[in-house]
Amino acid sequence: MSFVIVHELQGFFSDGVVSCQGRMRCRCNMRLTMDEATRLADNLADLEGIVGVTVNPAIGSVLFFYVDLSSRLEALKIIAIAGDEIVEARKDPQFRAEDLPVPRVEGPLAAVLEIVRHYVLRPFMPWWFSIPSAIGHAIPYLLKGLKELVIGHLNVSVLDAAAIAVCLLRRDFQTARTLTLLLGIGDELEEWTRQKSLASLSESLEIGAEWVWVRDEDGTERQVAMKDLVAGDVVVLTAGNAIPVDGVVVDGEGVVNQAAMTGEPIGVVRVKGHSVFAGTVMEEGTICVRVSKVGDQTRLKQIVKFIEDSESLKAGIQGRFERMADMAVPFTFGLAALVYLLTRDPIRASSVLLVDYSCALKLTTPLTVLAAMREGVLNRVVIKGGRYLEALRDVDTVVFDKTGTLTNATPRVAEVIPAPGFDQESVLRDMACLEEHFPHPVARAVVRAAEERNLRHPEEHDKVQYIVAHGVCSQLNGMNVVVGSRHYVEYDEGIDLGPLKKDIEEQAAMGRSLLYLAEGGRIAGLVAIEDPPRPEAAAVIRALREEGVDRILMITGDDERTASAIAGRLGIGEYRAQVLPTDKSDVVAELVREGRHVLMVGDGINDAPALSAATVGVAMTDGTELAQGVANVLLTETSLTGLITAKRLGRRAMQRINSNYFYTMLCNSLFLAGGIFMILTPALSAFLHNMTTVILSVRAMRRNLQDEDLALPQAIEARSAQ
């Protein structure tokens, strides 16, 4: 027995050193008994530095959170030892195999076994065996059809029930069982796929915390079981903790990795008044959070619920086809009645009922949708429902958010410009000396640039004061030193930026953000920060145009010059600058009102309204199986090439559905005519009809994307990696 690491999420690199915290999931190649799972969970929980453990015996999954690399290593040792111990224990004659969770055959394998049993084993069974089998499987369909008829609905369910009833009345039990078999396979596959997707999602989003520390009103802290938490409690969270609740920070300061919720790869500072969400992870600091939502009320659980609802949505084209099939039902009954009145031949009339259009339509369309969704996952594109495949095909407008989508959201120092009387090294060194105290991305970029140039910045300053959203100030070598934005340095501190006016204009024209340093009341220099575009962005934009997207728009909160520079580098001719997060949805809604089919690509919470307003909302993750509730499509790899794959998958899937519809109508019309004119017997008509359904169902489950469809995204990724 062996365990393998199937997933690990660690803290992001900080100054070239990995933050010592993370989560890991291991999986065993065999199921575990409940005793084995409990013992392993207890052994891991007893380790110092392990803050949460969840073991699922049915699938052999082990999820644990660790606070440092040492505890990670010890946990892996415990898991390896457990594997050996389980092997030895199972060699004991007293070991009972019945204690293992019993695997249930389901999904595609169950469908295949059922077909094999029906067509291969059944001929060897006694002749009378088909009677109770056919009746038993027919009863649910007969009751469903009767129920629809009682409430006045004459639809496909009624037609299915009538066809099965005719077979039973004619004592054609083999045909009746075949009909119920084929009708049941589609429902089985769809339910299995949905349940499997939800189980995988829930497992990947499992928080794993069972106990939390709660601070009482008198300041004392006590450990409380997660299940006993209530709204209003104050939870204490430190570095390495997975945040188990939704709430508001009431004390402390920390950096939270929100990738699981927003897809943002950079930790964000959370201070008093800020919100935090279950499923995110503390990277640095300590915060106290007043609980607002726990358990199923958290945003994390709402995402799971959203995806569950989304998975049950049918493609619009599927709904249209099923309505068309329902509309054909009265015609089919009428035709069968007419044939009987003209011929007085019940065999001919039953031939009409046995050949209907609904069976293939009801099976092939959802199977194509599910196959396409599964294929998308294999190619790192998660599509949350069939309707979005159709929407992807029709997309003619793509709207990109800039930061974190067209760019990596990893700012770096592009240039250091000193003012007269200063030099580059002193400007960068002094700026890094102050910024090293703060974990925000720009500060990290400055500190990292100083270290890359081997500039040491010893602690020679007084206490640093942080002015939220503006900058920092301190005393260095007896002088007042400030670092921050132009508004802070020029307007709040009254520093004259005239000596750098030309440089400021040049850097701003290149789309760079500027961070200013002033010492002793005069400007010392500036650092130009840029967030470079993703290496694949320009190529993806060109490929989208080739896919029929005739309008591409970038929206950003940056100023006009910055937006123009980035758009020019990427080949985007249309952009909106200085757009507030709350106004992004207005831009998208305006395009939708114009009749455009809009695909919006965003990176998280600020883009949520726009993602919801778009025809298709697309969000990116950091390569793990994470969910973003507002998006309809998730790119599970941090690359925009998934957009090409998604667009092509939508087009190919709709082509498959339309062609299956054509073949269904053609073949069944021929079989219907053959039955009316007695060219085909009822049994042969039913057989040909069912075989057509099986063949089209197999065709529906074939891969949609061909090698040439994947060649371009793969080529773009390869070039970007160089």
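Residues numbered from 1 in each chain as written. Predicted model: local features only at pLDDT ≥ 70, side-chain atom pairs only at ≥ 80, totals over all residues. Heavy atoms only, no water.

Here we come to the overall build of the protein chain. The number of helices and strands found in the protein chain is 24 helices and 26 strands. Residues classed as buried in the protein chain amount to 52% of the 722 residues present. Considering only residue pairs separated by 6 or more positions, the protein chain has 67% of its internal contacts joining residues 24 or more positions apart. (Helix = DSSP H or I, 4+ residues; strand = E, 2+ residues; numbered from the N terminus. Buried < 20%, exposed > 50% of the residue type's maximum accessible area, 1.4 Å probe, protein only. Contact = heavy atoms within 4.5 Å.)

The seven strands are arranged β14-β26-β25-β24-β15-β22-β23 in an open sheet whose pairing can be described as mixed. Edge positions in the sheet fall to β14 (381-383) and β23 (574-576), since each of these pairs with one other strand and no more. Strand after strand, the sheet turns through a mean of 20° between neighbouring axes, direction not considered. With four bridges connecting them, strand β15 (residues 397-401) and strand β24 (residues 598-602) associate as parallel partners. Along β24, the bridge assignment pairs threonine 397 with valine 598. Across the sheet, helix α12 (residues 386-394) lies against β14, β24, β25 (616-620) and β26 (633-635), angled at about 115° from β14, the strand it touches most. (Pairing = 2+ DSSP bridges. Axes fitted to C-alpha atoms, helices over the stretch in contact; angles between N-to-C directions.)

Turning to the pattern of salt bridges, a few remarks are in order. Inspection of every chain in the model, using the stated rule, returns 19 salt bridges. In this structure, the salt-bridge partner of aspartate 396 is arginine 596, at a minimum N-O distance of 3.7 Å. In this pair, aspartate 396 is assigned in the loop between α12 and β15 and arginine 596 in the loop between α20 (581-593) and β24, connecting sequence segments 200 residues apart. Residues joined by salt bridges that share partners form a network here, namely Arg412, Glu415, Arg512 and Glu530. (Salt bridge = Lys/Arg side-chain N within 4 Å of Asp/Glu carboxyl O.)

The subject of this paragraph is helix α19 (residues 560-570). For α19, every residue scored as buried is listed here: Thr562, Ala563, Ala565, Ile566, Ala567 and Leu570. In this structure, the buried side of α19 is in contact with α13 (402-406), α17 (501-509), α18 (537-546), β22 (551-555) and β23. Directly beyond the C-terminal end of α19, a positive phi value near 80° is found at glycine 571.

On to the packing of α12 against helix α22 (residues 642-676). Viewed as axis vectors pointing N to C, α12 and α22 meet at an angle of 110°, and their least axial separation amounts to 7 Å. As far as their axial angle goes, α22 and α12 are roughly perpendicular. Two secondary-structure elements touch here, α12 through Leu389, Glu390, Leu392 and Arg393 and α22 through Ala646, Lys647, Leu649, Gly650, Arg651, Ala653, Met654 and Asn658. Here the residues of the contact of α12 with α22 sort into six nonpolar, two polar and four charged. (Parallel < 35°, antiparallel > 145°, perpendicular 65-115°, else oblique. Nonpolar A, V, L, I, M, F, W, Y, C, P; charged D, E, K, R; others polar.)

This part is about the packing of α17 against α19. Running from N to C, α17 and α19 point in directions that differ by 45°, and their axes come no closer than 7 Å. The angle between α17 and α19 places the two elements in the oblique class. Residues Glu505, Ala508 and Ala509 of α17 form the contact with α19, whose own contacting residues are Arg561, Thr562 and Ala565. Taken together, the residues that form the contact of α17 with α19 break down as three nonpolar, one polar and two charged.

Moving on, we come to unusual backbone geometry. A positive phi angle, near 65°, is found at arginine 380, a position not held by glycine. Tracing the sequence through the fold places arginine 380 in the loop between α11 (358-378) and β14. Look at asparagine 454: it is not a glycine, yet its phi comes out positive at around 60°. Mapping asparagine 454 onto the fold places it in the loop between α15 (441-452) and β17 (465-467). On the basis of relative accessibility, which here comes to 66%, the residue asparagine 454 falls in the exposed class.

The next subject is helix α14 (residues 424-435). If you check α14, its first and last C-alpha atoms are 16 Å apart, about what 12 residues at 1.5 Å a residue would give, namely 16 Å. α14 sits mainly inside the fold: nine of its 12 residues count as buried. Within the sequence span of α14, burial applies to Ser426, Val427, Leu428, Asp430, Met431, Ala432, Cys433, Leu434 and Glu435. Between the side-chain oxygen at the start of α14 and the backbone nitrogen of glutamate 425 there is a gap of 3.1 Å, and the oxygen is on aspartate 423. (Expected span 1.5 Å × (residues − 1). Polar contact = N/O pair within 3.5 Å; in protein donor to acceptor, adjacent residues only side chain to side chain.)

Another aspect to go through is the packing of aromatic side chains. The full count for this structure, using the stated rule, is two aromatic pairs. Ring geometry for phenylalanine 64 versus tyrosine 66: centroids 6.2 Å apart, planes at 50°, classification tilted. Of the two residues, phenylalanine 64 and tyrosine 66, neither departs from the other in class, the shared state being buried. (Phe/Tyr/Trp six-rings, centres within 6.5 Å; stacked < 30°, edge-to-face > 60°.)

Ranked by internal contacts, the top residues of the largest apolar core, which has 46 residues, are Leu389, Val398, Phe400, Leu406, Leu599, Leu640 and Leu643. Judged by nonpolar contacts, the second largest core, of 38 residues, contains Ile417, Leu428, Ala450 and Leu517. (Core = buried A, V, L, I, M, F, W, Y, C linked by side-chain atoms within 4.5 Å.)

What follows is about the environment of valine 248. In this structure, valine 248 sits in strand β10 (residues 246-257). Between the C-alpha atom of valine 248 and that of lysine 272, which follows or precedes it by 24 residues, the distance is 7.5 Å.

Of all five residues in β15, five are buried; the element is thus mostly enclosed. The two faces of β15 match: Thr397, Val399 and Asp401 on one face and Val398 and Phe400 on the other face are all buried. Bridge count for β15 against β22 is five bridges, and the pairing is parallel. Paired with aspartate 401 across the bridge in β22 is isoleucine 555.

What follows concerns the pairing of strand β4 (residues 22-28). Look at any regular strand and the pattern is simple: side chains alternate between the two faces of the sheet. Within β4, six of the seven residues are buried, leaving the element largely enclosed by the surrounding structure. As defined by bridge partners, β4 adjoins strand β6 (residues 61-66) across six bridges and the pair is classed as antiparallel. Its bridge partner lying in β6, cysteine 26 is registered against valine 62.

All right, on to the confidence of the model for the protein chain then. For the protein chain, the average pLDDT comes to 76, and 74% of its residues sit at 70 or higher. Here residues 200-205 is modelled with pLDDT under 50, and outside its nearest four sequence neighbours on either side it reaches 17 contacts, counting other chains as well. Per-residue pLDDT stays below 50 along residues 622-627; that stretch engages in 24 contacts with residues further than four places along the chain or on separate chains. (pLDDT = per-residue confidence, 0-100.)

With that settled, the discussion passes to the environment of arginine 652. Along the chain, arginine 652 falls in helix α22. Residues arginine 652 and glutamate 390, 262 residues apart in the sequence, show an inter-C-alpha distance of 9.9 Å. When residues no more than four places from it in sequence are discounted, the contact partners of arginine 652 are Asn704, Leu705 and Asp709. Of the polar contacts made by the side chain of arginine 652, one reaches the side chain of aspartate 709; its length is 3.0 Å.

This next bit is on the environment of glycine 254. Structurally, glycine 254 is set in strand β10. Not counting residues up to four positions away in its chain, the partners in contact with glycine 254 are Val268, Val269, Arg270, Met282, Glu284, Gly285 and Ile287.

So, on to the side chain of threonine 556. Inspection of the secondary structure puts threonine 556 in the loop between β22 and α19. The class of threonine 556 is buried, set by a relative accessible area of 2%. Look past the residues within four positions of threonine 556 in its chain and what remains in contact with it is Lys402, Ala563, Arg576, Ala577, Gln578 and Val579.

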